[in-house]
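# Examination of the molecular architecture
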Amino acid sequence: MADSILAGKYPAKAHARRVAEYLQARGYDNAGVIYLEAQKTRLIEDNDEAMPFRQRRPFFYLSGCLLPDSYLTYDIEADSLTLFIPPIDPEEVIWSGLPMSPDEALDQYDVDQVLLTTEVNATLCSIGSAHDGKSVAFAIADQISKETKFEGFSETNLFVLKAGIESSRVVKDEYEIALLRKANDISAKAHIAAIQASKAATNEREIEAAFIATCIANGCREQSYHPIVASGEKGATLHYGNNDQELVEPASKQRKNNVLIDAGGEYRTYCADITRVFPLNGRFVAETRQIYEIVLQMQNECIAMLKDGVQWEDVHEKAHRIAIQGLLKLGILRGPENELFEKRVSVAFFPHGLGHYLGMDTHDTGGNPNYADKDTMFRYLRVRGRLPTGSVITVEPGIYFCRFIIEPFLNSEDLKKYIDINVLERYWSVGGVRIEDNIHITKEGYENLTTAPKTIEEVENLAS
């Protein structure tokens, strides 16, 4: 299904119209132009090779084009989307071959016309002059070439367009969901390969290599973010990135208990973001299995709440409630459940937000976080408010045993009574357990785009 959708063109024109509607809803009439630039080719310092290229997301959203050094205009009143691509550079052809032609670009991209970048200023002047100097040019600050001239426009607005694109990106269309599903399907294969590679691996980097190789082989040449491959207690570091530790404990000479892998491939700029935990010895040890069961329950019950208009803060609270109940049963926490919730004791074990929007960026736009929130349970929540139909959000609860985070609670006269130190001692070696899926919000409920195995039985079978 995803492949048949992706056989068509990326819906750039529909995205341009959506952004224009955002501008019009804020008092700007039809007389105006949206102007965006692609990322520039940049050379590595002290080297004649280009730096790794990452297309500007606003430009891609309105063009579907991955070519560097390109431009676009969208004449709002004329409903005309124009892509500008670089002309042939004879010197460059020697090394890289002929570039895409305007005719080829017109056939590939959802635009009305394709011109050369040498025609940008003349096109802008024509649009501006058509409205007797009463039209507005919308652009993004610090993303305008010094050669660009907005002649004939009454105003150049550098502030509203970025917000308009970021707001529009929250709700995905069918094509974008297909891209995200494709990224997830490839990433699921890579997660399976990583678990299987772990059986013979001696270092975290070998597991990372298996993941990345599988992504590349299946069409995700880029990663959504630097993979996290954290063995043993390193799993308690939320954004661990060294990926270079041996899988055997130096003191005991025994293989560590488990690995947390947080990794996702990027497919045509759209990201997967998946976390799994698996045993290094074929079966989870008792303590890891207990924590895994709690986290999986947190995720399953939170996902079941999802639908159009659900209040994300309510879902996040649900995750904390389940964490408290589970840790109480294990004896790690003690005291009344409501008191533990009100005192925010669960934040010692689940310090981050439940999830974030996902799209062209791993932490996608439009979440409206409030990192100044004094309530520790919500401070790092990357999405606030109600989830709309068409949004895609990660659901990634976790329980971690990080000494740096937990010890202030143990040293607090008010809070230390809620944690049983003797029971806690058995769980430090777990490190951390996080389970993360990518969820598409629908009118009736949700669709889980992530197919990577996650039940204990599935994971143990792969790891055995």
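Starting from 1, residues in each chain are numbered consecutively following that chain's sequence as written. Two thresholds apply to this predicted model, a pLDDT of at least 70 for residue-level local features and 80 or more for giving and counting side-chain atom pairs, whereas whole-chain, interface and lining totals are computed over all residues. Side-chain calculation: all heavy atoms of the structure are included, whereas hydrogens and water are not.

The chain is annotated in an unreviewed UniProt entry as Probable Xaa-Pro aminopeptidase PEPP from Aspergillus wentii DTO 134E9. UniProt positions are given in the numbering used here, feature names are shortened, and annotations may be inferred rather than shown by experiment. According to UniProt, the comment filed for the chain under the heading Catalytic activity (unreviewed entry) is "Release of any N-terminal amino acid, including proline, that is linked to proline, even from a dipeptide or tripeptide." According to the UniProt record, the Cofactor (unreviewed entry) comment for the chain is "Mn(2+)".

Secondary structure elements are defined from DSSP: runs of H or I of at least 4 residues count as helices, runs of E of at least 2 residues count as strands, and each element is numbered from the N terminus. In terms of helices and strands, the chain carries 15 helices and 17 strands. Its C-alpha atoms give the chain a radius of gyration of 25 Å, within 12% of the compact-globule value 23 Å for 464 residues. Partly exposed describes any residue whose relative accessible area lies between the buried limit of under 20% and the exposed limit of over 50%, with all areas from a 1.4 Å probe on protein chains only and scaled to the type maximum. Looking at the chain as a whole, 54% of its 464 residues are labelled buried. A contact between two residues is defined here by any heavy atoms of the two lying within 4.5 Å. Of all intrachain contacts in the chain linking residues separated by at least 6 positions in sequence, the fraction that spans at least 24 positions is 72%. Calculation of accessible area relied on Shrake-Rupley with a 1.4 Å probe; when residues are assessed, cover is drawn exclusively from the protein chains displayed. Carbon and sulfur atoms make up 50% of the accessible area of the chain, which amounts to about 20,300 Å² in all. In this tally Asp and Glu are treated as negative and Lys and Arg as positive; neither His nor the chain ends contributes. Where a charge lies is defined by one atom per residue type: Lys uses NZ, Arg uses CZ, Asp uses CG and Glu uses CD. Between the averaged position of the 49 positive side-chain charges in the chain and that of its 69 negative side-chain charges there is a distance of 6 Å. Put simply, the radius of gyration uses C-alpha atoms, and a globule should come to 2.2 Å times the residue count raised to 0.38.

The next thing to look at is the sheet that holds strand β16 (residues 437-441). Strand order in this open sheet of three strands is β13-β16-β17, and the pairing throughout is antiparallel. A strand with exactly one partner marks an edge of an open sheet, and here the two such strands are β13 (392-395) and β17 (446-448). Neighbouring strand axes in the sheet, compared pairwise and without regard to direction, differ in orientation by 35° on average. Bridge analysis of β13 against β16 gives four bridges, and the strand direction is antiparallel. Note that in β16 the partner of T394 across the bridge is N438. Strand pairing is defined by DSSP finding a minimum of two bridges between the two strands. Axis definition: a line fit to C-alpha positions, over the contact stretch in the case of helices; interaxial angles, taken between N-to-C directions, run 0 to 180 degrees.

Now for the UniProt feature "domain: Aminopeptidase P N-terminal" (unreviewed entry) in the chain. Listed under "domain: Aminopeptidase P N-terminal" (unreviewed entry) in the UniProt record, and renumbered for this structure, are residues 10-145. Annotated as residues 10-145, this span is 32% helix and 18% strand, and its ends, taken at the C-alpha atoms, are 26 Å apart.

What follows deals with the side chain of T73. Within the fold, T73 resides in strand β2 (residues 71-75). With relative accessibility at 1%, the residue T73 sits in the buried group. Aside from chain neighbours lying at most four places away, what touches T73 is V33, I34, Y35, S80, L81, T82, F84, T123, L124 and I127.

This part covers the domain arrangement of the chain. A common way to express how large an interface is: the accessible area buried when the components associate. As far as domains go, the chain holds domain 1 (1-169) and domain 2 (174-463). For domain 1 and domain 2, the distance between their C-alpha centres works out to 37 Å. Each partner contributes to the roughly 1,600 Å² buried at the junction of domain 1 and domain 2, and carbon and sulfur atoms together form 58% of this total. Once two parts are brought into contact, the accessible area they lose, counted with a 1.4 Å probe and summed over both, makes up the buried area. By the criterion of area lost to domain 2, the three top residues of domain 1 are L6, R57 and R169, representing 38% of everything that side buries. Every case where a carboxyl oxygen of Asp or Glu lies within 4 Å of a side-chain nitrogen of Lys or Arg is listed as a salt bridge. Where domain 1 touches domain 2, the interface holds five salt bridges. Annotation comment: domain bounds sourced from an automatic or database domain assignment.

With that out of the way, let us pick up unusual backbone geometry. Of note, T269 is a non-glycine position whose phi angle comes to about 80°, a positive value. Within the element layout of this structure, T269 appears in the loop between β10 (265-267) and β11 (270-271). A relative accessible area of 3% means that T269 is categorised as buried. Even without a glycine there, the phi angle at N368 is positive, about 50°. Mapping N368 onto the fold places it in the loop between α12 (337-342) and β13.

For our purposes a nonpolar core is just a set of buried Ala, Val, Leu, Ile, Met, Phe, Trp, Tyr and Cys residues, chained together by side-chain atoms within 4.5 Å. With 130 residues, the main nonpolar core has I291, W312, F349, I399 and F401 as its most contacted residues. Among the elements that make up this core, the one with the highest residue count is helix α8 (residues 174-198) (11 residues). Taken domain by domain, this core gets at least three of its residues from each of domain 1 (1-169) and domain 2 (174-463). In contact with I399, not counting residues within four places along its chain, are I291, I294, V295, M298, A323, L327, F349, G432 and V433. Residues Y35, I127, A139 and F150 belong to the second largest nonpolar core, which totals 12 residues.

Judged by how many residues are buried, strand β1 (residues 32-37) sits mostly within the fold: six of six residues are covered. Taking every second residue as pointing to the same face, both faces of β1 are buried, with G32, I34 and L36 on one and V33, Y35 and E37 on the other. With three bridges connecting them, β1 and strand β5 (residues 136-138) associate as parallel partners. When the sheet's bridge partners are listed, I34 is paired in β5 with F138. Across five bridges, β1 lies against β2 in antiparallel orientation. Residue V33 lies in a different strand from β2, and its bridge partner there is D75.

Take the packing of aromatic side chains next. To pair, rings of Phe, Tyr and Trp, with the six-membered ring standing in for Trp, must have centres within 6.5 Å; the planes then decide the type, stacked if under 30 degrees apart, edge-to-face if over 60, and tilted in the middle. Applying the stated criterion across every chain yields a total of 10 aromatic pairs. On the numbers, 5.1 Å between centres and 90° between planes, the contact of Y28 with F138 is edge-to-face. Here the residue Y28 occupies a position in the loop between α2 (12-25) and β1, and F138 occupies one in strand β5, the gap between them amounting to 110 residues. For F138, a relative accessible area of 1% gives the class buried. Considering the side-chain rings of F284 and Y292, the 5.1 Å spacing of their centres and the 40° angle between planes classify their relative orientation as tilted. In this structure, F284 and Y292 share a single accessibility class: buried. Aromatic ring contacts, followed pair by pair, group Y10, F60, Y175 and Y270 into a single cluster.

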